[in-house]
Amino acid sequence: EALDSFTKLLVSEMKLFKQSFEETVSGPNVLKSVWLRKSNKPVLSVLMVKRPDEEQPRLYRGMNVEVSLPTGSLCAERNVIGTALAADPGLRREDFRMIGIFSMTLERPGTPVSDQERKKTSKQRSLSQDSLPVGEFVALNPISPCGACNEWLKKIAEVNPSFKVVTFPNTSCSEVFVKEV
């Protein structure tokens, strides 16, 4: 099935975000030691919003952050929603069009995943056991929103049933899954 122009735009932005992220982590940074210290597994998110009076949609980027505090982690999905609302506090849930979610890795490409790591990771995020076989890359695609994020997305979908979640079955972002909440 062909993708509509908005979904193509979101996928294109995710690819740019992925490339930018890869360039950032290839140099000196504190992502692994400070911001992703719990899982070392970045999740990127792109949110598309479009007000009725706007011709073009706006895209916002977010990522998960994990620090060792009692409050724990902030998932990419909730982060990007907060980023959009901070940039434009007048946004309505009806203005939210779709969200893309993509798992990255801070490991070298091809780093195998152990059975223990697979079980630990699958408890942290909602994903199919079959999507992360032993010996595959560390990235967790396709990755679905966790329970807390899913509740936020359901709040959007209450007034905007056409709101979509876009996930990627592999790290190339060459294919997509599009579903409603």
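Our structure is the block above this text.
Residues numbered from 1 in each chain as written. Predicted model: local features only at pLDDT ≥ 70, side-chain atom pairs only at ≥ 80, totals over all residues. Heavy atoms only, no water.

Visitor: Report on the overall build of the chain, specifying residues and quantitative values.
Guide: Within the chain, the regular secondary structure consists of five helices and seven strands. When the elements of the chain are put in sequence order from the N terminus, they spell out α-α-β-β-β-β-α-β-α-α-β-β. Considering the chain as a whole, with its 181 residues, one finds that 43% of them fall into the buried category. Look at the contacts in the chain between residues 6 or more apart in sequence, and 66% of them connect residues 24 or more apart. Of the roughly 9,600 Å² that the chain leaves accessible, carbon and sulfur atoms contribute 53%. (Helix = DSSP H or I, 4+ residues; strand = E, 2+ residues; numbered from the N terminus. Buried < 20%, exposed > 50% of the residue type's maximum accessible area, 1.4 Å probe, protein only. Contact = heavy atoms within 4.5 Å. Areas by Shrake-Rupley, 256 points an atom, 1.4 Å probe, with all protein chains shown as cover.)

Visitor: Describe in detail the packing of aromatic side chains, supporting the description with residues and values.
Guide: By convention here, two paired aromatic rings are described through the distance between centres and the angle between planes. Going through the model one piece at a time under the given rule, you end up with one aromatic pair. Ring centres of phenylalanine 102 and phenylalanine 168 lie 5.8 Å apart, and the angle between their planes is 85°; this geometry places the pair in the edge-to-face category. Residue phenylalanine 102 is found in strand S5 (residues 96–103), and its partner phenylalanine 168 is found in the loop between strand S6 (164–167) and strand S7 (177–180); the two are separated by 66 residues along the sequence. Each member of the pair phenylalanine 102 and phenylalanine 168 is classed as buried. (Phe/Tyr/Trp six-rings, centres within 6.5 Å; stacked < 30°, edge-to-face > 60°.)

Visitor: Please provide a residue-by-residue account of the environment of phenylalanine 177, values included.
Guide: Residue placement: phenylalanine 177 occurs in strand S7. Taking the C-alpha atoms as reference points, phenylalanine 177 and glycine 100, 77 residues apart in sequence, are found 9.6 Å from one another. Contacts of phenylalanine 177, omitting those with residues within four sequence positions, involve Pro142, Val165, Val166, Thr167 and Pro169.

Visitor: Requested: an account of the packing of helix H3 (residues 76–87) against helix H5 (residues 147–159), with residues and values cited.
Guide: Where H3 contacts H5, the axes come no closer than 8 Å and their chain directions differ by 45°. Of the possible angle classes, the one that applies to H3 and H5 is oblique. Of the residues in H5, those in contact with Glu77, Arg78 and Ile81 of H3 are Ala148, Cys149, Trp152, Leu153 and Ile156. Looking at the contact of H3 with H5 residue by residue, the class counts come to six nonpolar, no polar and two charged. (Axes fitted to C-alpha atoms, helices over the stretch in contact; angles between N-to-C directions. Parallel < 35°, antiparallel > 145°, perpendicular 65-115°, else oblique. Nonpolar A, V, L, I, M, F, W, Y, C, P; charged D, E, K, R; others polar.)

Visitor: Please set out the side chain of threonine 167 residue by residue, giving values where relevant.
Guide: Mapping threonine 167 onto the fold places it in strand S6. On the accessibility criterion, threonine 167 (8% relative accessible area) is buried. Setting aside chain neighbours within four positions, we find threonine 167 in contact with Ile101, Pro142, Ile143, Glu175, Val176 and Phe177.

Visitor: Explain the state of the cysteines to me, and be specific about the residues and the numbers.
Guide: One pass over the structure, following the stated rule, counts zero disulfides. Between cysteine 146, a cysteine without a disulfide, and cysteine 75, which holds the nearest cysteine sulfur, the sulfur-to-sulfur distance is 3.6 Å. By relative accessible area, which is 11% here, cysteine 146 ends up buried. (Disulfide = S-S within 2.5 Å.)

Visitor: Residues and numbers for unusual backbone geometry, please.
Guide: Of note in this structure, cysteine 173 is not a glycine but carries a positive phi near 60°. Tracing the chain through its elements places cysteine 173 in the loop between S6 and S7. Here cysteine 173 falls in the buried class, since its relative accessible area comes to 1%.

Visitor: Describe the pattern of salt bridges, with residues and values.
Guide: Counted under the stated rule, the structure contains 11 salt bridges. The closest approach of N and O atoms between arginine 58 and glutamate 54, which form a salt bridge, is 3.0 Å. In this structure, arginine 92 engages aspartate 95 in a salt bridge whose closest nitrogen and oxygen atoms are separated by 3.3 Å. Given the relative accessible area of 41%, arginine 92 is considered partly exposed. Residues participating in the shared-partner salt-bridge network are Arg51, Glu54, Arg58 and Asp88. (Salt bridge = Lys/Arg side-chain N within 4 Å of Asp/Glu carboxyl O.)

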